[in-house]
Amino acid sequence: MKIFRILAFALIAIFSVLTFASNDDDKRVSWEVLTNIKMIEQDSRYIPEFSQEVLDLDGKTIELKGFMMPLDNAETQNEFVLSGSPLGSCFFCIPGGPEAMVEVFSASGVMFSYDSVVISGTLELVDDDPMGMFYRMRDATQVD
């Protein structure tokens, strides 16, 4: 009987951990996944060759933790760039290449912060952006 209780307790604990871990972690994407691409030279410019893991995220709602790079002086940003790294002391020193940034569009707006933020939205893969962006997030909202 004692073994049965221990086994039942262990199964309940494992089930609880798996249920808890699957809630938000399924949507949260790491920058390591997004930066795992190949650059292909084509017609005097470089275009991304996305991994299958990234291709599977196209059109899906994801969460991404990063740092805001505002595109205007407003407190609430409707369009901004999200980066995996904080901006350095120089505003013009971009932290990483196009694979390490996501152009974000939010209808409701996101309050600007110097701290990291978690943004949820629909990921769009881009391979022909004239500004060189590889990722866009539409219908974005702040999670935390």
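The rules behind these values
Residues numbered from 1 in each chain as written. Predicted model: local features only at pLDDT ≥ 70, side-chain atom pairs only at ≥ 80, totals over all residues. Heavy atoms only, no water. Pairing = 2+ DSSP bridges. Helix = DSSP H or I, 4+ residues; strand = E, 2+ residues; numbered from the N terminus. Axes fitted to C-alpha atoms, helices over the stretch in contact; angles between N-to-C directions. 1 Å grid on protein atoms, 1.4 Å probe; cavity = no way out; pocket = protein on both sides within 12 Å on 5 of 7 lines; lining within 4 Å. Points joined across faces, edges and corners; volume = space filled by probe spheres on them. Nonpolar A, V, L, I, M, F, W, Y, C, P; charged D, E, K, R; others polar. Buried < 20%, exposed > 50% of the residue type's maximum accessible area, 1.4 Å probe, protein only. Contact = heavy atoms within 4.5 Å. Polar contact = N/O pair within 3.5 Å; in protein donor to acceptor, adjacent residues only side chain to side chain. Core = buried A, V, L, I, M, F, W, Y, C linked by side-chain atoms within 4.5 Å. Phe/Tyr/Trp six-rings, centres within 6.5 Å; stacked < 30°, edge-to-face > 60°. Lys NZ or Arg CZ within 6 Å of the ring centre and 35° of its normal.

Turning our eyes to something else, we now look at the sheet that holds strand E5 (residues 101–111). Taken together, 5 strands build a closed barrel; the order of strands is E3-E4-E5-E7-E6 and the barrel is mixed. For this sheet, the mean angle separating the axes of adjacent strands, direction not counted, is 50 degrees. Taken together, the 4 bridges between strand E3 (residues 61–70) and strand E4 (residues 76–83) define a ladder with antiparallel strand orientation. Bridge pairing in E4 links Met68 to Leu82.

Next up on the list: the layout of surface pockets. Computed from the structure, the largest pocket encloses a volume of approximately 170 Å³. For the largest pocket, the lining is made up of 10 residues, of which Met68, Pro70, Leu87, Phe112 and Tyr114 are closest to its centre. When the residues that make up the lining of the largest pocket are grouped by side-chain class, the tally is 8 nonpolar, 1 polar and 1 charged.

Every regular strand shows the same layout, with side chains that alternate between the two sheet faces. The element strand E6 (residues 117–125) is largely enclosed, with a buried count of 7 among its 9 residues. Pairing of E3 with E6, which is carried by 6 bridges, proceeds in the antiparallel orientation. Within E6, the position partnered with Lys65 by the bridge is Val118.

With respect to the helices, strands and loops of the structure, Glu103 is situated in strand E5. Apart from the residues within four sequence positions on either side, Glu103 is in contact with Glu79, Phe80, Met133, Tyr135, Arg136 and Met137.

As a further point, take the side chain of Asp129. Among the structural elements, Asp129 can be located in the loop between E6 and strand E7 (135–142). With a relative accessible area of 10%, Asp129 lands in the buried category. Polar side-chain contacts of Asp129 include one of 2.9 Å to the backbone nitrogen of Met131. If near-sequence neighbours (up to four positions away) are discounted, Asp129 is found in contact with Arg45 and Arg136.

Side chains that are nonpolar tend, in soluble globular proteins, to be buried together. The biggest cluster of nonpolar side chains holds 24 residues, and the ones touching the most others in it are Leu34, Leu82, Val102, Val104, Ile119, Tyr135 and Met137. Residue assignment for this core shows that the elements contributing at least two residues are helix H2 (31–34), E3, E4, E5, E6 and E7. The element contributing the most residues to this core is E6, with 4 residues. Once residues lying within four places of it in the same chain are set aside, the contact partners of Leu34 are Val29, Val54, Leu64, Glu99, Val102, Leu123 and Tyr135.

This brings us to the packing of aromatic side chains. The geometry of an aromatic ring pair is captured by two quantities: the separation of the ring centres and the angle between the planes. This model, assessed by the stated rule, comprises 2 aromatic pairs. An angle of 50 degrees between the planes, with centres 5.7 Å apart, marks the rings of Phe50 and Tyr135 as tilted. Here the residue Phe50 occupies a position in strand E2 (residues 45–50), and Tyr135 occupies one in strand E7, the gap between them amounting to 85 residues. Each member of the pair, Phe50 as well as Tyr135, is classed as buried. Taking 4.8 Å as the distance between ring centres and 80 degrees as the angle between the ring planes, the aromatic pair formed by Phe112 and Tyr114 counts as edge-to-face. For Phe112, a relative accessible area of 26% puts it in the partly exposed group. Tyr114 gets classed as exposed once you look at its relative accessible area, which sits at 72%. Just above the ring of Phe105 sits the side chain of Arg138; from NZ or CZ to the centre is 4.7 Å.

In short, shape yes, function no, at least from these values alone.
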